[in-house]
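Read off the chains here:
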Amino acid sequence: MTFFITGKRRGLGYSLSLLYDTVSTLEECDVFINCKHDGFEQVDLLYKAAKLNKKIINIGSAASDWTKGYKENFRYGIEKKTLRDVNDQLFWQGADTTIINFGFFDSERVAHIDKPKMSIEYCVSIIDWVLQQPHRIKDLTVVP
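Residues numbered from 1 in each chain as written. Predicted model: local features only at pLDDT ≥ 70, side-chain atom pairs only at ≥ 80, totals over all residues. Heavy atoms only, no water.

### Focus: the overall build of the protein
- A tally of helices and strands in the protein yields four helices and five strands.
- Helices and strands appear in the protein in the N-to-C order β-α-β-α-β-α-β-α-β.
- Out of the 144 residues in the protein, the part that is buried amounts to 46%.
- Within the protein, residue pairs in contact and separated by at least 24 positions form 61% of the contacts whose partners lie at least 6 positions apart.
- Put simply, the protein shows about 8000 Å² of open surface, and 51% of that area lies on carbon and sulfur atoms. (Helix = DSSP H or I, 4+ residues; strand = E, 2+ residues; numbered from the N terminus. Buried < 20%, exposed > 50% of the residue type's maximum accessible area, 1.4 Å probe, protein only. Contact = heavy atoms within 4.5 Å. Areas by Shrake-Rupley, 256 points an atom, 1.4 Å probe, with all protein chains shown as cover.)

Here it is, written out as structure tokens:
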């Protein structure tokens, strides 16, 4: 099985790229791991991967639950909520897509946050578990 993983430069994407056999394009892969947060680019890639009938693992965020009410400068949560909603739409249309909404995990991006964090190795084990399941999983939220 081959993987196309976005965000391989550091953090979770980097750790996944060490574990799985990666290819350089979405068209070449069996499994797409949509890991890099880059605005709404994750949503565009999700639609593209679904059209190509790829198995998809989206890395969402528990922050997508926090979009209710007014939060100044909370674009990240809105973008992850959009990814979650599109995952839901495509799942019910038959795409093999899963979104894993992680809470804080130990990475450079959240090094300044003083809250409990999961290890990246633990997050990788959750992704690996999802990949081993014989049935589709629509979404999963994991927080420390």
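### Quick notes on the pattern of salt bridges
- Under the defined criterion, the tally for this structure stands at five salt bridges.
- Lys 55 is paired through a salt bridge with Asp 96; the nearest N and O atoms lie 3.3 Å apart. Of this pair, Lys 55 sits in strand 3 (residues 55-61) while Asp 96 sits in the loop between helix 3 (75-92) and strand 4 (97-102); the two residues are 41 residues apart in sequence, bridging distant segments of the chain.
- The exposure class assigned to Lys 55 is buried, which follows from its relative accessible area of 17%.
- Between Lys 138 and Asp 139 there is a salt bridge, and its shortest N-O distance comes to 2.8 Å.
- Relative accessible area serves as the criterion here: at 22%, Lys 138 is assigned to the partly exposed category.
- Through salt bridges with shared partners, one network takes in Asp 88, Lys 138 and Asp 139. (Salt bridge = Lys/Arg side-chain N within 4 Å of Asp/Glu carboxyl O.)

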